[in-house]
Amino acid sequence: MTSTPWMKGIDVPVADAMPLVSQHDDRPSAKELIAEHQEKIDKIKAGLMEAKDDEAAALFDYPNKHDDLWLLRFYLSHKKTKPAIAAAKSALKFRQKYKLDELGDIRDIPPQAVKEGHVREYWKERCQDDAIVCCLPDKQLGPVMFLAFARFDPKAADLLSEECWDFAFIYTSEWVYQWCDYITRTTGLFTRSVRFIDMKGITLSKLMDRKSSKRDGKIMGLMEDCYPQLLQTLFLIDPPTVMHLIWGFFRPIMPKRIMEKVDMITPQNNESEKMRLLRFVALENLPTEMGGTNSVPPMEW
C-alpha cells in the first residue's frame, strides 16, 4: 500500500480491474498497463534512485509514495525514459517547493469550496465564484471540471499576482490528481479527468486577453510535467463560428499535448457527440444543456 493520505485504510496498492462502469467506459486495466511497460518503469525507477541530483534522489520514496503506478504516468506522457526521468525529478522538487505532501487529503475540498488564501482569491476575482466548478459526479469515474469561459473576468490578470494565479492552478491539479490516483487504485482502471468548457456567450474581447492567456499557458505547461496523464479530453461545448479564430489564437501558446486532446462538440444537437461525453459522465448526471437529464447546475452538486 502507498503512504499517501488519500489512500489511508486501503491495503492494496492497485486493485484488480473491476467491471467497466457502463458500455461507454473504455478505461484500461492499471495493472495490465504496468505489466506492459514494466521494463521502462524499472529504468525510470533506476534513473531516479541513481540520480546524480542528490535532491531528487532523496525525495524519491519508492514504493511508499512513488510506486510503479506513479512512474507509469510519467512514461505514458513522455514515451521515452530519459524525458520521463527528467519530468519525474522536476515533479519531486515541485512538490517539495510547494509543500504539496503537507496538504493532506483535499478530495473533500474542491477548489471552488476553499474559503481563504490564493485559491479563494482566484475563484472570486477571475471565476466570479462559479465560472469553474470541479466535481465528481460518479466516484467510480474520474473528476470533471466545468468551465464557463464567458464568465471569466478579463481584468483578473491585473488584479491577481502570478503567485496567486499559479497556486490556484496547483491546488486544482492536486485535487484532480488525488481523485484520479484514488479511483485508479481502488477500481483498478486507469483513470484521468475531463474538462467541459461551455463556449456560449464568448466574445473576442474576452478571447484576446493575452495577459491571462500567457499565464494560463505557462502554468498549464508546468502542470503537464508535474501532473502527467491527468487530462484525457478537453471538450469545447457549443463553439461559435468564430472558433476558428479562437483556435488559431490558443494553439501557439498552449502545450502540444493539451491541444491534441481538444474536442469541439455540440452535444444537444448531435447524438454521436453526446455519446462521447458518456465515457466520463452518466446521462443522469450530465447537465441538460449538454444533452443530459440533470437540470441541477454543477455549482449546486
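Above this text sits the structure in question.
Residues numbered from 1 in each chain as written. Predicted model: local features only at pLDDT ≥ 70, side-chain atom pairs only at ≥ 80, totals over all residues. Heavy atoms only, no water.

J.: Where do I start with helix α2 (residues 38-49) in this structure?
T.: What sets the pattern is the α-helix's 3.6 residues per turn: residues three or four places apart point alike. Spanning 12 residues, α2 covers 16 Å between terminal C-alpha atoms, matching the ideal 16 Å at 1.5 Å per step. Every buried residue of α2 is listed here: Ile41, Ile44, Lys45 and Leu48. Down the axis of α2, the sector holding all buried residues measures 100°, keeping them to one side. On its buried face, α2 is in contact with α1 (30-36), α3 (54-59), α4 (68-78) and α5 (81-97). (Helix = DSSP H or I, 4+ residues; strand = E, 2+ residues; numbered from the N terminus. Expected span 1.5 Å × (residues − 1). Buried < 20%, exposed > 50% of the residue type's maximum accessible area, 1.4 Å probe, protein only. Arc of directions from axis to C-beta. Contact = heavy atoms within 4.5 Å.)

J.: I tried to follow the sheet that holds strand β4 (residues 231-237) on my own but got confused; where do I start?
T.: Two strands in a sheet stick together by hydrogen bonds in their backbones, pointing the same way (parallel) or opposite ways (antiparallel). The sheet built from 5 strands is open, its strands ordered β1-β2-β3-β4-β5 with mixed pairing. The outermost strands of the open sheet, each flanked by one partner alone, are β1 (132-135) and β5 (262-265). With direction set aside, neighbouring strand axes in the sheet form an average angle of 20°. Against the sheet, helix α8 (residues 162-187) touches β1, β2 (144-148) and β3 (193-198), its axis set at about 25° to β1. (Pairing = 2+ DSSP bridges. Axes fitted to C-alpha atoms, helices over the stretch in contact; angles between N-to-C directions.)

J.: Looking at this model, I keep getting lost on the pairing of β2. Mind explaining?
T.: Burial analysis of β2 places 4 of its 5 residues in the buried class, which makes it a mostly covered element. In terms of strand pairing, β1 meets β2 through 4 bridges, oriented antiparallel. In the strand pairing of β2, Val133 is matched with Phe146. Direction of pairing for β2 relative to β3: parallel, over a ladder of 5 bridges. Residue pairing for β3: Ala148 is matched across the bridge by Asp198.

J.: Help me out: how do you make sense of the packing of aromatic side chains in this one?
T.: One pair of aromatic rings is described through two measures. These are the centre distance and the angle between the planes. Summed over the entire model, instances satisfying the criterion amount to 15 aromatic pairs. Their ring planes at 85° and their centres at 6.5 Å tell us that Phe94 and Tyr227 sit as a pair that is edge-to-face. In this pair, Phe94 is assigned in helix α5 and Tyr227 in the loop between α10 (210-226) and β4, connecting sequence segments 133 residues apart. Tyr227 shares its class with Phe94; the two are buried. An aromatic cluster is present here, built from Trp6, Phe94, Tyr98, Tyr177 and Tyr227 joined pairwise through their rings. One cation-aromatic arrangement involves Arg107 over Tyr182; the distance from NZ or CZ to the ring centre is 4.3 Å. (Phe/Tyr/Trp six-rings, centres within 6.5 Å; stacked < 30°, edge-to-face > 60°. Lys NZ or Arg CZ within 6 Å of the ring centre and 35° of its normal.)

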